[in-house]
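Chain and residue survey
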Amino acid sequence: MTPSRTASWQDETDATPTPRDVFFMAEVLEGKHGAHAAEVAEFFSAYHGDKGDAGRAWAWSGVAELVRTRERARLEQR
């Protein structure tokens, strides 16, 4: 069986997100998972780290950090 184009494309893709991508990912997680958004991002970071995909692990770690920063900012506004 020959590998699909999608599978080989994903293996070669640079997962480094732009700041805009990280911001969007954080907003989506906050919208879907609320107070658990940072933990969801940490889960994905750990998952990709365990699979040896350092780029994606780093990207999800950045999302978790941004979510926590946004949470702190919202709490300080109160």
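Residues numbered from 1 in each chain as written. Predicted model: local features only at pLDDT ≥ 70, side-chain atom pairs only at ≥ 80, totals over all residues. Heavy atoms only, no water.

1. What about the pattern of salt bridges?
Note the cut-off: The salt bridge definition used is simple: a Lys or Arg side-chain nitrogen within 4 Å of an Asp or Glu carboxyl oxygen. The way it works is that DSSP assigns letters per residue, a run of H or I at least four long becomes a helix, a run of E at least two long becomes a strand, and they are numbered from the N terminus.
Per the stated rule, a full pass over the model turns up four salt bridges. Across the salt bridge formed by Glu30 and Arg70, the nearest N and O atoms sit 2.7 Å from each other. With Glu30 in helix α2 (residues 19–33) and Arg70 in helix α4 (residues 54–77), the pair connects residues that are 40 residues apart, well separated along the chain. Ionic contacts of the salt-bridge type, sharing partners, join the residues Glu30, Arg70 and Arg74 into one network.

2. Structural notes on helix α3 (residues 37–50)
In plain terms, the rule: The length a helix should cover is 1.5 Å for every residue beyond the first. The rule is simple: take the accessible area with a 1.4 Å probe, protein chains only, and divide by the maximum for that residue type; under 20% is buried, over 50% is exposed, in between is partly exposed. As used here, the arc is the angular range of directions from the helix axis to the C-beta atoms.
With 14 residues, α3 extends 20 Å from end C-alpha to end C-alpha; this agrees with the ideal 20 Å at 1.5 Å per step. Those residues of α3 not exposed but buried are Ala37, Ala38, Val40, Ala41, Ser45 and His48. One side of α3 carries all its buried residues, which in axial view fall inside an arc of 165 degrees. Pointing more than 90 degrees away from the buried face of α3 are the exposed residues Phe43 and Asp50.

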